[in-house]
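Structural description and commentary
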Amino acid sequence: MPLTMKKLAEVFTDRETGLTQGHRMCPGCAAPMTVKIVLMVAKALGYEPVIGFATGCMEVSSTIFPFTSWSVPYIHNAFENVAATISGVETAYRALKKAGKIPSDKKYAFIAFGGDGGTYDIGLQALSGALERGHKMLYVLYDNEGYMNTGNQRSGSTPPGADTTTAPVGKAVAGKLQLKKNIVEIVAAHENVYAATVTPGEPMDFINKVEKALQFDGPAFIASLSPCVRFWRIDENKSVDITKLAVQTKYWPLYEVERGVYRVTRKPTSFKPVAEFVKAQGRFRLLLQRPDAEQIINELQNYVDRRWERLLAFEEATKDKPVR
Amino acid sequence: METKNLMAITGAEAAAYAMKQIEPDVVAAYPITPQTPIVEYFAKYVADGEVRTEMIPVESEHSAMSAVVGAAAAGARAMTATSAQGLALMSEIVYIASSLRLPIVMGLVNRALSAPINIHCDHSDAMMVRDSGWIQLFCEDAQEVYDLTILAVRLAEHDDVRLPVMVNQDGFIISHGVEPVEVLPDDVVKKFVGELKPIYPLLDTDHPVTYGALDLYDYYFEHKRQQIEAMKHAYRVFPQIAEEFYKISGRKYDYVEPYRMEDAEYVMVALGSSNGTIKDVVDEMRSEGKKVGLLKIWMFRPFPKPEIQRYLTARKAVVVLDRAASFGAEAPLYEAVKSALYEVAVRPLMGSFVYGLGGRDLKPEHVRYAFERAMALDLVADREEYLGLRE
Ligand SMILES: Cc1ncc(C[n+]2csc(CCOP(=O)(O)OP(=O)(O)O)c2C)c(N)n1
Ligand code: SF4
């Protein structure tokens, strides 16, 4: 039976999610929400989560020695290798189980978390390798669209016009000019994977996808749009709202790709212009002051419209045609 | 003592065969010349069902070391092997493996680092990670590769140590040369290495632990201090493990191997396969009545300073042969030996010779030349010289 919010609330009234209080993340940050939803679903389904974490904002804020906010097994290795690290953990599990060295009644969930930098950029190779090898893992990307740990630098996920310290909006250059890299397509292009987008602003959709991902027979990937309140320059109570807006403006379409079959999981009946998403955040403040602001926003609008149409077309075209 | 079982195999196969008998839970590796045959042999054992090891054919060395770290932290016995650029690519995680105190064993088939690209032997790769917190053992031949790979498992996993071990063999010279190697029966090896007793395994979800925490100025220093202590423990327990190995194999290992050292006045110090060549030259020169000897180094990290001091004090001259350069400083083995001898009562005259970079041969006449220089007391401690180099 699919999990519900009510069920989760009941399960966790007297139980820890695995990520305890006391971490040093900023109030309002969406990253811990993303992590908690994943952990709660895994635990509610009876899994024992074993966590790998890539270097990044959430890693440094949740494990400041001698403290740790993790009450589930956790390993941080380096920035670019969480997928490879979890590959090793998962393989060790299979080896030890085969050798009868660990109890075989435990239902483990091997879950890797990485920021956008550790996923779209430096960690892409290790991620691709792990997907190709088919490790039974769930990789969760918390996408705040920049390098936060090191202080607001551009990543392969930063949208055009956002002000970052390595691609600042200046007099001559309008910040980052390139569009976000399409990580879900890259992941979905591997064989036998489950890939999906989620966001904490749409928890039911999120929960369903985590459930599906954990039960998927192969590697699964979930990309969660997880605003950084500091970088996005939004109020602390706005990170959930802004992700809803991202979905309503087609900026962050919610969909999944299961062995090549596309399914759009939220189809709003009416959309808002992407300008609303842009204007709601301080990170585009400098862009909005530029004379070419409108043009850049129009281009973004054009892009999200076309991508949405393509998604619907993919959905239609791949219906009942899994790659295996 | 078991009956002798001789095999004619290469150093690479000796490493792979030892790994097969150890039968680790997980092997993650990526091919690179001249390490490739190790991965290939091992992959075949896996494919033929001769081991129950789970092999991860990763997409890079960075991921090989990362996966091995994950597997070891999970509680598995994990191994890998590499060379040169592969080690360079994994070097970030090489430091993490030792700092997380994971008992990983890695075969390093020594090869020159790029650029210029060169696939042949020198020790620049091992020296690059000299200070990474790994125990480093060097082999003279395929027999030692086999033996020390097995011994390394015990050393790495010793309760007081819990440090990764690198077993070095000279690329091509050992890895691709066929030699007779005396192997032990499977069950003897199995019994010797025993079962890994994991400490704080990730898979023990009832006792969750956090690996790789953020550790700023308030604790990092103390943790490094513990690593320094662990190295001292490694130094302490090595002879015990070597003694146990001697009981099953009849082959005795130590920090160093003194060769015709009793009354030697002129001593050479070296790492790896060139010790074989040096031994021949020593024999030759001894038959000519010259008082020469060799101190072969098996354990380079932790550095056996007391042995160096004990064996080299009051000799007339010591020449150190290095198969690696340290740009802007003295060659690594020479630097270590010279520094150890600063403290002895009667210091020998010292000379530094760098040889064999990029696979250049070390010929008996080079060794003889260095000895003759020593016997003529024609050495200058702070002048680096080169053997077999066109100048
Ligand atoms: C090899 C390497 N290069 C650079 C860094 C510095 N660094 C640490 S975290 C980070 C950015 C992390 O960004 P992201 O993955 O997006 O996570 P976030 O901090 O935004 O949550 C960088 C550049 C590093 N730790 N290792
Ligand atoms: S800086 Fe950003 S990503 Fe980091 S904790 Fe704060 S809000 Fe979250």
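Now for a look at the structure at hand. (Residues numbered from 1 in each chain as written. Chains lettered and ligands numbered in written order. Predicted model: local features only at pLDDT ≥ 70, side-chain atom pairs only at ≥ 80, totals over all residues. Heavy atoms only, no water.)

It is worth spelling out the sheet that holds strand 3 (residues 108-115) of chain A at this point. Within the open sheet, the nine strands sit side by side as 8(A)-7(A)-5(A)-6(A)-4(A)-3(A)-1(A)-2(A)-9(B). Their pairing is mixed. The open sheet has two edge strands, strand 8 (261-264) of chain A together with strand 9 (210-211) of chain B, and neither has a second partner. In this sheet, strand 7 (residues 255-258) of chain A lies alongside strand 5 (residues 194-198) of chain A in antiparallel orientation, the contact comprising three bridges. In the strand pairing of strand 7 of chain A, Ala-196 of chain A is matched with Glu-256 of chain A. Sheet strands in contact with helix 4 (residues 82-98) of chain A are strand 1 (48-53), strand 2 (74-76), strand 3 and strand 4 (138-143) of chain A, and its direction is about 170° off that of strand 3 of chain A. (Pairing = 2+ DSSP bridges. Helix = DSSP H or I, 4+ residues; strand = E, 2+ residues; numbered from the N terminus. Contact = heavy atoms within 4.5 Å. Axes fitted to C-alpha atoms, helices over the stretch in contact; angles between N-to-C directions.)

For ligand 1, the set of nearby residues contains 18 residues, the closest of which are Cys-57, Gly-117, Tyr-142, Met-148 and Asn-149 of chain A. Positioned at a junction of chains, ligand 1 has nearby residues supplied by chains A and B. Gly-118 of chain A places a polar main-chain atom, nitrogen or oxygen, 2.9 Å from an oxygen atom of ligand 1. In this structure, an oxygen atom belonging to ligand 1 sits 2.8 Å away from a main-chain N or O atom of Met-148 of chain A. Looking at side-chain class alone, the shell around ligand 1 contains six nonpolar, nine polar and three charged residues. (Near = heavy atom within 4 Å. Polar contact = N/O pair within 3.5 Å; in protein donor to acceptor, adjacent residues only side chain to side chain. Nonpolar A, V, L, I, M, F, W, Y, C, P; charged D, E, K, R; others polar.)

Quick look at the packing of aromatic side chains now. Following the criterion strictly, the structure yields 27 aromatic pairs over all chains and no others. Look at Phe-53 of chain A and Phe-113 of chain A: their rings are 5.4 Å apart centre to centre, the planes differ by 25°, and that puts the pair in the stacked class. Taken together, the residues Phe-53 of chain A in strand 1 and Phe-113 of chain A in strand 3 connect sequence positions 60 residues apart. Assigned by exposure class, Phe-53 of chain A and Phe-113 of chain A land together as buried. Three or more aromatic residues joined by ring pairs form one cluster here, namely Phe-53, Trp-70, Tyr-74, Phe-113 and Tyr-142 of chain A. The ring of Tyr-47 of chain A has Lys-107 of chain A sitting right over it, with the charged end atom 4.4 Å from the ring centre. Taking NZ or CZ as reference, Lys-20 of chain B lies 4.9 Å from the ring centre of Tyr-45 of chain B, over its face. (Phe/Tyr/Trp six-rings, centres within 6.5 Å; stacked < 30°, edge-to-face > 60°. Buried < 20%, exposed > 50% of the residue type's maximum accessible area, 1.4 Å probe, protein only. Lys NZ or Arg CZ within 6 Å of the ring centre and 35° of its normal.)

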